[in-house]
Amino acid sequence: MDLSRFPRRRYTQGPTPLEFLPRFTEALRASCPAGSGPNVWIKRDDMLGLTPGGNKTRKLEFLVADALAQGADTLITCGAPQSNHCRATLCAAIKEGMKCRFVIEERVPKSYKPEASGNNFLFRLLGVEAITVVPAGSNMLEAMQQVAADLAKEGRKGYIVPGGGSNALGGLGYVACAQELQQQFFEQGVQIDRVVVGSGSSGTHGGLLAGFMGNHINIPIVGIGVSRDPVDQNPLVHKEAQAVVDLLGLDITIPRAAVVSYGDWWRPKYSVPNAAMVEAVQVLARTEAILLDPVYTGKIMAGLMGLARKGFFRADENVLFIHTGGAPSLHAYEAEVLGLTELTA
Ligand SMILES: *Cc1c(COP(=O)(O)O)cnc(C)c1O
């Protein structure tokens, strides 16, 4: 797939590592039915650029290039109180000498605390220009358009980055990741049988699926929902993947059956900790010294582990976990992640 006609800013030098996880694989296998348990590999997208990395960096490379092409001086975006996406967008703005404003949705009432740790702390340290807090279910696009209108009154020009950076343009970031992976599989001589990726605003899952289809990479992708069950999540991913191939002008129809996700691990609610997440964060930290996060990757890895224990993967199947980042929010959930508070399974 030819991405060269889309302007792109670069925030990472070279590919992120693709690595085998020997000690984690061994620990997981010990808890799987006898004779089963996959080999687990990791794509370190937590090591992308824009302090300290994560999947939003890839999307922002295309979105911010578009903002600059349009002459914008301020990035406007939205997210939850501990949003990695808001933090990454703010970092991109700083790199480009732009300003940045957020609209924060309190998906859990009273959950936005300006003095909180984790990403909230980073918002302040990195110097966000303004934050508008709105209640759950608000029309986020309208709220961001209001911010843009306020800027226009001062003679400034805002660029609205959609929630999670997930539109067709942002999804190109994960087409680029698919191409990077294809090259790494070839150069490292790695045969991956299945990919496990988080599925939220869907730019990552949808973009990767579009990239796999467009590059004839015949590896099934399993999404783990971070906020929705498959009945609600799969149509979003399908729409995103189709929008990405359409933007590229490719004559591809994404089959509904290519969109697979599992929804059990996000409960009780988006961003609210559960015991399986805590186990996943602790096991990966203590076997490989790799940090997951409580809101996304902890639950996504809990999904991989849960599927493995149910015998979902063939014995010795090579499964690739896409590490989409998020570690700063660990610090907003320290007691939970250390197992000091009681949580639901
Ligand atoms: C945003 C995010 C996701 C989900 O990715 P989407 O593209 O929104 O589906 C997964 N992991 C982390 C750490 C994130 O910040």
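All figures in this text were calculated on a predicted structure; none of them were measured in a lab.

*Asks:* Where do I start with the overall build of the protein in this structure?
*Replies:* A tally of helices and strands in the protein yields 11 helices and 10 strands. On C-alpha atoms alone, the protein measures out to a radius of gyration of 19 Å, which is about the 20 Å that the 2.2 N^0.38 rule sets for 345 residues. Projected onto its principal axes, the C-alpha positions of the protein cover 65 × 50 × 35 Å. Residues classed as buried in the protein amount to 57% of the 345 residues present. Partitioning the intrachain contacts of the protein with sequence separation of at least 6 by distance along the chain shows that 81% fall at a separation of at least 24.

*Asks:* Even after reading the chapter, I still don't get the site of the ligand, so can you show me in this structure?
*Replies:* The environment of the ligand is formed by 16 residues, the closest being Lys56, Lys59, Ser201, Thr204 and Thr324. At 2.9 Å, a backbone N or O of Ser202 approaches an oxygen atom of the ligand. The set of elements that each furnish at least two residues to the shell around the ligand consists of helix H2 (56-69) and helix H7 (203-214). Classifying every residue of the shell around the ligand gives one nonpolar, 12 polar and three charged. Taken domain by domain, the shell around the ligand gets at least three of its residues from each of domain 1 (18-54 + 167-337) and domain 2 (56-165).

*Asks:* Please explain the packing of aromatic side chains as it appears in this structure.
*Replies:* What describes a pair of aromatic rings is the distance from one ring centre to the other and the angle between the planes of the rings. Tallied over the entire structure, the rule returns five aromatic pairs. On the basis of an interplanar angle of 70 degrees and a centroid distance of 5.9 Å, the ring pair of Tyr270 and Tyr296 is categorised as edge-to-face. Of this pair, Tyr270 sits in the loop between strand E9 (261-262) and helix H9 (275-288) while Tyr296 sits in the loop between H9 and helix H10 (297-309), and the two are 26 residues apart along the sequence. Ring centres of Phe312 and Phe313 lie 5.0 Å apart, and the angle between their planes is 90 degrees; this geometry places the pair in the edge-to-face category. Residue classification places Phe312 among the partly exposed residues on the basis of a relative accessible area of 27%. Among the aromatic residues, those joined into a cluster by ring pairs are Tyr262, Phe312 and Phe313. Above the face of the Tyr296 ring, Lys56 is positioned so that its terminal group lies 5.5 Å from the ring centre. The ring of Tyr270 carries the charged tip of Arg107 above its face, separated from the ring centre by 4.5 Å.

*Asks:* Explanation requested: the sheet that holds E9 in the structure shown.
*Replies:* Read from one edge of the open sheet, six strands run E1-E2-E10-E7-E8-E9, paired in mixed fashion. Looking at strand neighbours, the two that pair on one side only are strand E1 (18-20) and E9, the edges of this open sheet. Where strand E7 (residues 194-199) and strand E10 (residues 318-322) come together, three bridges link them in parallel fashion. Counterpart to Val196 in the pairing with E10 is Phe321. Here H7 sits on the sheet in contact with E7, strand E8 (221-225), E9 and E10, set at roughly 145 degrees to E7.

*Asks:* What am I meant to see in the pattern of salt bridges here?
*Replies:* A pair can form between side chains of opposite charge whenever their charged atoms are brought close. Per the stated rule, a full pass over the model turns up 20 salt bridges. For Asp229, the salt bridge is made with Arg267, and the minimal N-O distance between the two is 2.2 Å. With a gap of 38 residues between them, Asp229 in the loop between E8 and helix H8 (230-247) and Arg267 in the loop between E9 and H9 connect regions that are remote in the sequence. On the basis of relative accessibility, which here comes to 37%, the residue Arg267 falls in the partly exposed class.

*Asks:* Just checking my understanding: could you explain the domain arrangement of the protein for this structure?
*Replies:* Reports of interface size often rely on the accessible area that becomes lost once the parts have come together. We note that the domain assignment places domain 1 (18-54 + 167-337) and domain 2 (56-165) within the protein. Each of domain 1 and domain 2 has a C-alpha centre, and the two are 25 Å apart. Across the contact, 31 residues belong to domain 1 and 27 residues belong to domain 2. When the area that domain 1 buries against domain 2 is broken down by residue, the three leading residues are Leu50, Leu169 and Tyr270, summing to 25%. Taken together, the connections running from domain 1 to domain 2 amount to two salt bridges. Two residues, Arg58 and Glu180, come together in a salt bridge whose shortest N-O distance is 3.1 Å.

Cut-offs and rules
Residues numbered from 1 in each chain as written. Predicted model: local features only at pLDDT ≥ 70, side-chain atom pairs only at ≥ 80, totals over all residues. Heavy atoms only, no water. Helix = DSSP H or I, 4+ residues; strand = E, 2+ residues; numbered from the N terminus. Rg over C-alpha atoms; globule rule 2.2 N^0.38 Å. Buried < 20%, exposed > 50% of the residue type's maximum accessible area, 1.4 Å probe, protein only. Contact = heavy atoms within 4.5 Å. Near = heavy atom within 4 Å. Polar contact = N/O pair within 3.5 Å; in protein donor to acceptor, adjacent residues only side chain to side chain. Nonpolar A, V, L, I, M, F, W, Y, C, P; charged D, E, K, R; others polar. Domains from an automatic or database assignment. Phe/Tyr/Trp six-rings, centres within 6.5 Å; stacked < 30°, edge-to-face > 60°. Lys NZ or Arg CZ within 6 Å of the ring centre and 35° of its normal. Pairing = 2+ DSSP bridges. Axes fitted to C-alpha atoms, helices over the stretch in contact; angles between N-to-C directions. Salt bridge = Lys/Arg side-chain N within 4 Å of Asp/Glu carboxyl O. Buried area = accessible area lost by both parts, 1.4 Å probe.

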